[in-house]
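# Observations on the model geometry
Here's the letter readout for the chains.
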Amino acid sequence: MTEIRFTIDGREGRATAGQTIVEAAKANGVYIPVLCHYEGLKPVGSCRVCTVRVGGKYMAACTQPIAEGMAVENTAPDLEDMRRALIEMLFVEGNHMCPTCEKSGNCELQALAYRYRIMAPRFPYLFPVRELDASSPKIMLERNRCIQCLRCVRAIRAKDGRGVFAARDRTGRVTIDADRNLAARLTDEEARRAMDVCPVGAILRKEVGFAVPIGRRKFDRKPIGSDVEEGPAR
Amino acid sequence: MSKPVIATASLAGCFGCHMSLLDIDDRILQLVELVALDKSPVDDIKRFTRPVDIGLIEGGCCNSENVHVLRSFRENCRTLVSVGECATMGGLPALRNGIPLKECLDEAYMNSPTVAPEDRLIPNDEELPIILDKVYPCHEIVKIDAFLPGCPPSADLIWEAVTALIQGRPLDLPYNLVKYD
Amino acid sequence: MEDFKDILARRKKDPGRLLDILADVQAREGRVPPAAVAEIARALKLSEAEVRGVVTFYHFFSLDSRGRAAVYLNDSVTSRMNGRAAVARAFEEEAGCRFGEVSADALIGLFPTSCIGMNDQEPSAIINGVVFTRLTAERARDIVRGLRAGASARDLVGTYGDGANQSDLVRAMVMNDIRRRGPVLFGPFEPGSAVRAAVSLKPEQVVEEVRRSNLLGRGGAGFPTGLKWDLCRKEKADRHYVVCNADEGEPGTFKDRVILTELPRLLFEGMAVAGYAVGAREGVLYLRAEYSYLKARLESVLDAMRREGLLGKNVAGSPDFDFDIIIKSGAGAYVCGEESALLESAEGKRGEPRDRPPFPVQVGYQGQPTTVNNVETLATAAQVLAHGAAWFTSMGTPKSAGTKLLSVSGDCAAPGVYEVEFGLTVRDLLDMVGGGDAQAVQVGGPSGTCLSPAGFDRKVCFSDLATGGSVIVFGPGRDIFEAVASFMEFFVEESCGWCTPCRAGNVLLKRKFEKVVAGRGAARDLEELEAWGKLVKATSRCGLGQTSPNPILTTLQNFRGLYEAKVRTGADFIPDFDLGEALQEGCSAAGRQPECKESLHD
């Protein structure tokens, strides 16, 4: 396995060929914020929150392979502000009512906003009209919260490879559909996986409510990314 | 040297943020030493009696009266703070945004199963404020200087923010206090 | 009962042919009904949600009925400049429905559509695949009445256009408007000469010749063609492909349409030359849906070339070079002009761009090394093989060899297609087209730049004003902000929706722009307009988002005075809020007017 040497914000790191910049950074204990990225799934570069700068060029760290001698800028103030802006865009694009959301406290979009101490977005709220889909027996699609990360499309496939979730339409109208037939055949395990893989509260299991008390939810105490920054690689 | 002056208002809010302010419990004794309260629902001062240093606004704008009050707060307060999700992003009342207003009013007053047929009427009286086409976060109507998110923001967050503003310190809020729910 | 077995059989149930299958269904049914979705999903082993996902991505497919006659009225900036509004009103009045709807008798559907490449003959429309140009309100009414009386769209075509537009297999109203024939595209060409020249060399030598010619991509990006073919050729794989990008979606671009109409042999020989160079046996012409009126003729040209031995087995007598071309159609999506999105679409999927690396020359059509080239690039390459690299580099500039086709439209005396040598200034071009009193020129379409007269001495070439060919002239009296608004609407409609900055950012940019133009802007709003534009450019995943802020950014740069005039000085913060407007719904629902009219305004 070829070893690759690179720097991230001036600090030296080692990676193996084939790793993306996000993976290489993580292996060296450096957190690059991600949102549509999910371990085990092919990265899709949808959210753009992982934008880094290399040699003056901007790129998504989740899809860009690490290369020998790369000098990655990750925490430059203007990069951090770009990420804040992208997270704010996601907030204003949907209808993110945290106070009534089942995923609050365990939500990766919210956690990123907390990490960046976003108090209010710089953009106007778009208040889109989006339809809920509660037609499946085991899951509900709360589209007001969907950030089009495509994790569900990538992760949840029927045994013959057909997609249980699929994107529909385009531009700001793009939305996620659950295939009626395939969604009806989801097992409890698959329904749980669908809810877990969704970073926000857009896919919810029916008949399962709030389970974890406030104060003990995933991101109540420590910011998202702490696991990478404090993890074994450090 | 006079004390800093604070005024508060609840627009299209549930008063939960004001209740959270009162959750500062016995710190209220410290507060009244530090500041003077002016126009606020928690006291009996109905009009601004002097220039205000910090205005705390709960609730977004859902009708013309909210806009009027918000604008007068902007005129009279040096620093204006949106307190809570409703003021910051519209909150629960904003769930109606995107639904045409006439549909909402028809649902409530014309088609509701609890309205007697002879009483079907969309209220129309000059004593009632006119409802806006949608619920607006405060910063889309006037300039807002600071935001305290939460539903409600915790008493600790409000305490931390208000004392920082009074003392002219920058708002440096710890991670566990910044919550949107 | 609906049955789609025949349609599926004709396309051999090939998932890669999904767009063709859907086009057949849409043409037959006026929509893609649930039964079709179910049958297609079963046959192609996709979920129904996935099939619907493809249907709903493309503008010309729909789950709901578009009417027996779907009228797509072109909504380009030039159409608006030439009286589109009156034509639209006439369509609505005569059809009895509004745009976005189907008439009550289910006969006529009225829909807008993004630039269809007829900017020199506006207002234009496509009705059931048939192109109508130079529409008037009167003509619109006649057409609707004709359709209602049972005529087909074909029957209602007026006089045919020029050149091959008159041929039996085309019979289109479309005019070529070729105003200036240059020495390359319109220069002498002996049919067969390009292919024969190519097969007389080794493939590496063909690549070398194209490299030496310094031919740069003519679609707008300007990537060196020789280098692209070399990279593709060198990538080891079972198969290689040549794909011709005939999507021509950049508003104001219609030069490829003219090549496809008048010079199809030149193009197809160029594809064969490319195939020989990279080791491909198959070429794909990806033809935008709006040009499907040319398809029958293109197929017949391919047949003729096969009979002449210029396509098929042993091309031009070469013992080991077989090459053929298939035509695949788009279905209405500007983003499919982006090469990786084009490949996705050609594979029967939603036209969403891919992440790069890997690039198409490494992993392209069906995962194989592919060279995707613009129509004009391939046609030019054919001439380079026919006449030689030295001939080609004797024209143009040192860095931009040869000629460029420009499609000029807007406020000028002679809109149409001009073949010019690189290095021409905008000023000289304006003289040529009769647009000397222009107040602004949009070069490169909405994703290019909006020039003020201060920029008219700039040159059309890759190191200065690179362009795919679109040039739109705005005369005195035009509202530049209306053009910007039209361009932003275009990008918002055409975004594929995959990435945050393009999908959400363009909407927010457009809103901010509208706020300023409505007179509700402070100085800081101009700063934010620029900052947000740069953010979208920097963080977008593909060329669409990387250029969509350009209408705003380039006019901020070149027409700043117009923006400054809109800004309310002295105010630090101006909300995008008008109390009077916000109260309208409430007042009309309650049946009264607000009490204090003075308090409506700040």
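Predicted model, so just to flag it, every value in this text is computed and none were measured. (Residues numbered from 1 in each chain as written. Chains lettered and ligands numbered in written order. Predicted model: local features only at pLDDT ≥ 70, side-chain atom pairs only at ≥ 80, totals over all residues.)

### Focus on the overall build of chain A
- Regarding its fold elements, chain A presents 7 helices and 9 strands.
- Relative to the compact-globule value of 17 Å for 234 residues, chain A shows a C-alpha radius of gyration of 18 Å, a close match.
- Along the longest, intermediate and shortest principal axes, the C-alpha atoms of chain A span 50 × 45 × 35 Å.
- Per-residue burial for chain A yields a buried fraction of 53% across its 234 residues. (Helix = DSSP H or I, 4+ residues; strand = E, 2+ residues; numbered from the N terminus. Rg over C-alpha atoms; globule rule 2.2 N^0.38 Å. Buried ≥ 20, exposed ≤ 12 C-beta atoms within 10 Å, placed from the backbone.)

### Side note on the overall build of chain B
- When helices and strands are tallied, chain B shows 6 helices and 7 strands.
- Seen in sequence order, chain B has helices and strands lined up from the N terminus as β-α-α-β-β-β-α-β-α-α-β-β-α.
- Within chain B, the proportion of its 181 residues that are buried is 41%.
- At a minimum sequence separation of 6, the contacts of chain B that also span at least 24 residues come to 79%. (Contact = placed C-beta atoms within 7 Å.)

### Observations concerning the environment of histidine 96 of chain A
Residues and elements named next belong to chain A.
- Tracing the backbone shows histidine 96 in the loop between α2 (77–93) and α3 (108–115).
- Since 22 C-beta atoms lie within 10 Å of it, histidine 96 is described here as buried.
- The sequence separation of histidine 96 and leucine 109 amounts to 13 residues, and the corresponding C-alpha distance is 9.8 Å.
- Contacts of histidine 96, omitting those with residues within four sequence positions, involve Phe91 and Arg145.

### Things to note about the interface of chain C and chain B
- Contacts between the two partners involve 18 residues from chain C and, on the opposite side, 19 residues from chain B.
- When its residues are assigned to classes, the side of chain C that touches chain B shows 10 nonpolar, 4 polar and 4 charged. (Nonpolar A, V, L, I, M, F, W, Y, C, P; charged D, E, K, R; others polar.)

### Structural notes on the sheet that holds strand β5 (residues 178–180) of chain C
All names here are of chain C.
- Taken in spatial order, the 6 strands of this open sheet run β5-β11-β10-β16-β13-β14, and their pairing is mixed. Sheet topology places β5 and β14 (449–451) at the edges, where each strand pairs with a single neighbour. If you compare each strand with its neighbour and ignore which way they point, the axes differ by 25° on average.
- Pairing between strand β13 (residues 440–443) and β14: 3 bridges, direction antiparallel. Residue pairing across strands places valine 441 opposite leucine 451, the latter belonging to β14.
- Along the sheet, helix α11 (residues 255–262) contacts β5, β10 (403–410) and β11 (416–421); its crossing angle with β10, the most-contacted strand, is approximately 115°.
- Across the sheet, helix α17 (residues 426–433) is in contact with β5, β10, β11, β13, β14 and β16 (470–474); its angle to β16 comes to roughly 75°. (Pairing = 2+ DSSP bridges. Axes fitted to C-alpha atoms, helices over the stretch in contact; angles between N-to-C directions.)

### Quick look at helix α10 (residues 225–234) of chain C
Residues and elements named next belong to chain C.
- Most of α10 is tucked away: 7 of the 10 residues are buried.
- Buried residues of α10: Thr225, Gly226, Lys228, Trp229, Asp230, Cys232 and Arg233, and no others.
- The secondary structure elements touched by the buried residues of α10 are α9 (203–212), α12 (264–278), β9 (370–374) and α15 (375–387).

### Quick notes on the pairing of strand β8 (residues 324–329) of chain C
Residue and element names in this part refer to chain C.
- Relative to β8, strand β7 (residues 282–287) is paired through 6 bridges, and the arrangement is parallel. When the bridges of β8 are listed, leucine 285 appears paired with isoleucine 327.
- One crossover worth recording links β7 to the parallel β8 by way of helix α13 (residues 295–307), and it is right-handed. (Right-handed = clockwise from strand over helix to strand, strands pointing away.)

### Details of the domain arrangement of chain A
- Domain parsing of chain A yields domain 1 (3–74) and domain 2 (86–205).
- In this complex, domain 1 of chain A contributes 11 residues to the contact, which on the side of domain 2 of chain A involves 14 residues. (Domains from an automatic or database assignment.)

### Describing unusual backbone geometry
- Omega for the bond connecting arginine 356 of chain C with proline 357 of chain C falls within 30 degrees of zero, at 5°, which places this linkage in the cis form.
- Inspection of the secondary structure puts proline 357 of chain C in the loop between α14 (339–346) and β9.
- Note the cis peptide between proline 357 of chain C and proline 358 of chain C, where omega equals 0°.
- Locating proline 358 of chain C in the fold gives a position in the loop between α14 and β9.
- One non-glycine residue, leucine 150 of chain A, lies in the positive phi region at around 65°.
- As for its placement among the helices and strands, leucine 150 of chain A is situated in the loop between β6 (139–141) and α4 (151–155).

### Brief notes about the interface of chain A and chain C
- Taken residue by residue, the interface counts 36 residues in chain A and 33 residues in chain C.
- Contributions of two or more residues to the side of chain A that touches chain C are made by α2, β7 (165–168), β8 (175–178) and α5 (180–184) of chain A.
- In terms of residues, the side of chain A that touches chain C owes the most to one element, α2 of chain A, which gives 6 residues.
- Its residues assigned to classes, the side of chain A that touches chain C shows 18 nonpolar, 9 polar and 9 charged.

### Let's talk about the pairing of β8 of chain A
Residue and element names in this part refer to chain A.
- Where burial is concerned, the two faces of β8 agree: the one with Thr175 and Asp177 and the one with Ile176 and Ala178 are both buried.
- Where β7 and β8 come together, 4 bridges link them in antiparallel fashion. The residue of β8 that forms the bridge with alanine 166 is aspartate 177.
- Where β7 hands over to β8, the hairpin turn is made up of 6 residues, of which aspartate 169 adopts a positive phi near 65°.

### Let's talk about the packing of α12 of chain C against α13 of chain C
All names here are of chain C.
- Where α12 contacts α13, the two axes come as close as 10 Å, and the packing angle between them is 60°. Taken together, α12 and α13 sit at an angle that is classed as oblique. Seen along the crossing, α12 lies across α13 with a hand that is right-handed. For the pair formed by α12 and α13, the contact residues are Pro264, Arg265 and Phe268 on the first element and Leu298, Val301, Leu302 and Met305 on the second.
- Taken together, the residues that form the contact of α12 with α13 break down as 6 nonpolar, no polar and 1 charged. (Parallel < 35°, antiparallel > 145°, perpendicular 65-115°, else oblique. Left-handed = near helix turned anticlockwise from the far one by under 90°.)

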